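What follows is each chain in one-letter form.
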Amino acid sequence: MARNGDRPNNPDVLLRAVRKIFGGACLACGTTRPRPEMAHIRNWPTIRLAAESKLEGLPDRFAHIAEQHRHGLFHHLGNVVPLCPNHHTLFDGNYPELDEHKVRALRDAALCRPDVLARVIDFIRDELSGRPNRCVHKDENGRREHTRATDLMALVVPLSWVQSGFRLGLDLGDPQVVVDCASGTQHHHVALDQAVVDTCVGHSRQCMKAAAA
């Protein structure tokens with residue numbers, strides 16, 4: 001992470017998620033070559049100023065929490081879109097051809113498409129199964145105990161997108177989804193039309209057997 005208020009580097013996992021969900025094409029012109037870049041709807045100075053005003057007076061010992069808060073606001077799926085280098089430059093340069101209002105409109109229009117929302121659902125499934133190399137837990141010898149972990153906070157925005165799609169009446173399949181964690185230690189029951197995730201211990205087979213008993 002960046003220090004002293006510097007703009008944080010773009011996480012590779014977020015860039016891959018943007019390309020996966022929106023299909024790897026520029027939202028403004030549809031080009032896939034050159035490969036679209038990840039553009040932030042609200043820029044870093046705006047995010048930093050807004051976050052610091054809310055966190056003003058926080059003791060120094062909580063500075064790392066404030067930093068994580070700022071970076072979380074900046075680097076999340078609701079604040080990024082794929083734009084080709086040309087449109088990215090226009091947007092960052094505050095040209096009237098592509099302002100924040102127009103970029104948000106492009107993103108919202110894409111999120112009304114069943115194919116895009118189907119990829120959002122795939123993203124939700126992948127996240128719930130456990131993203132590789134995320135877990136930071138270590139054993140007494142300093143080795144990582146697990147290779148995967150689930151971050152439910154990363155799903156707040158994509159779940160709201162899918163919920164909106166169901167409310168629009170789009171055909172997105174069964175809204176009730178069960179996802180097993182890769183570790184096999186737990187599974188998730190997801191109500192996509194309600195943006196709700198419940199977690200159960202053990203593999204989903206055990207849950208289904210108990211329900212049938």
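For the structure itself, look to the data block above.
Read on for a plain summary of the structure. (Residues numbered from 1 in each chain as written. Predicted model: local features only at pLDDT ≥ 70, side-chain atom pairs only at ≥ 80, totals over all residues. Heavy atoms only, no water.)

## A closer look at the nonpolar core
One finds Phe22 and Leu192 to be the most contacted residues of the largest nonpolar core, which totals 37 residues. Put simply, the parts of the chain that give this core at least two residues each are helix H1 (12-22), strand E1 (37-40), strand E2 (80-83), helix H5 (100-110), helix H6 (114-129), helix H7 (156-167) and strand E5 (176-180). Take this core: its biggest share by element is seven residues, from H6. With sequence-adjacent residues up to four places away left out, Leu192 is seen in contact with Ile121, Ile124, Leu159, Val162, Gln163, Phe166, Asp174, Pro175 and Val177. (Core = buried A, V, L, I, M, F, W, Y, C linked by side-chain atoms within 4.5 Å. Buried < 20%, exposed > 50% of the residue type's maximum accessible area, 1.4 Å probe, protein only. Helix = DSSP H or I, 4+ residues; strand = E, 2+ residues; numbered from the N terminus. Contact = heavy atoms within 4.5 Å.)

## So, the packing of H1 against H6
H6 packs onto H1 with a crossing angle of 140° between their chain directions and a minimal axis gap of 7 Å. The angle between the axes of H1 and H6 places the two elements in the oblique class. Contact residues: H1 offers Ala17, Lys20, Ile21 and Phe22, while H6 offers Val116, Arg119, Val120, Asp122, Phe123 and Asp126. In the contact of H1 with H6, the residues fall into six nonpolar, no polar and four charged. (Axes fitted to C-alpha atoms, helices over the stretch in contact; angles between N-to-C directions. Parallel < 35°, antiparallel > 145°, perpendicular 65-115°, else oblique. Nonpolar A, V, L, I, M, F, W, Y, C, P; charged D, E, K, R; others polar.)

## Observations concerning the side chain of Ser204
Position of Ser204 among the secondary structure elements: in helix H8 (residues 204-212). Overall, the relative accessible area of 8% leaves Ser204 in the buried class. Contacts of Ser204, omitting those with residues within four sequence positions, involve Val178, Asp180 and His187.

## A closer look at the packing of H6 against H7
It is the contact of H6 with H7, at a shortest axis distance of 10 Å, that shows an interaxial angle of 140°. Accordingly, the angle class assigned to the pair H6 and H7 is oblique. Seen along the crossing, H6 lies across H7 with a hand that is left-handed. Along the contact surface, H6 presents Leu117, Val120, Ile121, Phe123 and Ile124, while H7 presents Pro158, Leu159, Trp161, Val162 and Gly165. Looking at the contact of H6 with H7, its residues break down into nine nonpolar, one polar and no charged. (Left-handed = near helix turned anticlockwise from the far one by under 90°.)

## What about the packing of aromatic side chains?
Per the counting criterion, the structure on display carries two aromatic pairs. A ring pair is formed by Phe22 and Trp161, whose centres lie 6.3 Å apart and whose planes are at 65°; its orientation type is edge-to-face. Placement of Phe22 in helix H1 and of Trp161 in helix H7 is noted, with a sequence separation of 139 residues between them. Considered together, Phe22 and Trp161 belong to a single accessibility category, that of buried residues. (Phe/Tyr/Trp six-rings, centres within 6.5 Å; stacked < 30°, edge-to-face > 60°.)

## Some words on the pairing of E2
A regular strand carries its side chains on alternate faces of the sheet. A two-sided burial pattern is seen for E2, the buried positions comprising Val80 and Pro82 on one face and Val81 and Leu83 on the other. Of the pairings in the sheet, the one linking E1 to E2 comprises four bridges and is antiparallel in character. Considered in E2, the bridge of Met38 is made with Pro82. (Pairing = 2+ DSSP bridges.)

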